[in-house]
Amino acid sequence: MNHQPILHQNGQEIQPFGTLLNLSSPQGLLSTLQELRQTVESEGQATFNQWRSHINAIFRLVLSIAIPPALVLDCRPLPDQVR
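Remember, it's a predicted structure, so these values are computed and weren't measured experimentally. Every chain begins its residue count from 1, and numbering advances along the sequence as written. At least 70 in pLDDT is required for a residue's local features to be given in this predicted model, at least 80 for side-chain atom pairs to be given and counted, and no such filter applies to totals for whole chains, interfaces and linings, which use all residues. Just so you know, side-chain values use all the structure's heavy atoms and leave hydrogens and water out.

### Digging into a nonpolar patch on the surface
Here the term patch refers to residues with relative accessible area over 30% and no salt bridge, with like charges joined within 9 Å and nonpolar side chains (Val, Leu, Ile, Met, Phe, Trp, Tyr) within 5 Å. With residues, only the protein chains shown are counted as cover, and all accessible areas are computed by Shrake-Rupley using a 1.4 Å probe. Salt bridge, as used here, is a side-chain nitrogen of Lys or Arg placed within 4 Å of a carboxyl oxygen of Asp or Glu. A surface patch of nonpolar side chains, amounting to about 440 Å² of accessible area, comprises L23, L29, L33, L36 and V40. Counting from the N terminus, the helices are DSSP H or I runs at least four residues long and the strands are E runs at least two residues long. Residue position: V40 is located in helix α2 (residues 26-75). Overall, the relative accessible area of 53% leaves V40 in the exposed class. Classification of residues uses two cut-offs on accessible area relative to the type maximum, computed with a 1.4 Å probe and protein chains only: under 20% is buried, over 50% is exposed, and between them is partly exposed.

Structural data, given as C-alpha cells:
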C-alpha cells in the first residue's frame, strides 16, 4: 500500500502512522514510540499556547466569582465549637 505524505498545520511533512510503525525490533518500537511522543508533545504544546489566553480568561472569571464569598467568610468570627 502506497501512502502519500500529509502536510501538517506547521508545514512539516508527516507520514500516516501505519507507515511509521517499526515492530521488527525492540529498538525500532522504542524509536517509533519516542517519535510519536515527541510529535504529540509538540502539537499539544502548540495547541495549549493557542488556547492559553482563553484558559486564563476563564480562570480569572472563575476566581472573580469564587473569591469574594471566601473573603466574606474569612472575615467572620469562627463559632466557639470550631476554634
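### Observations regarding the confidence of the model for the protein
The predicted coordinates ought not to be read in detail in places where the model reports low pLDDT. Predicted confidence across the protein gives a mean pLDDT of 75, with 54% of residues reaching 70 or more. For every residue, the predictor states its confidence as a pLDDT score lying anywhere from 0 to 100. Of all the helices and strands in the protein, strand β1 (residues 6-7) carries the lowest mean pLDDT, 54, while α2 carries the highest, 85.

### Considerations on the side chain of T32
Mapped onto the fold, T32 is located in helix α2. Overall, T32 belongs to the buried group, its relative accessible area being 7%. Each polar contact in these results corresponds to two N or O atoms within 3.5 Å; when the atoms are within protein, one needs to be able to donate a hydrogen and the other to accept it, and residues that are neighboring in sequence are counted only if both atoms are side-chain atoms. A distance of 2.9 Å separates a polar atom in the side chain of T32 from the backbone oxygen of G28.

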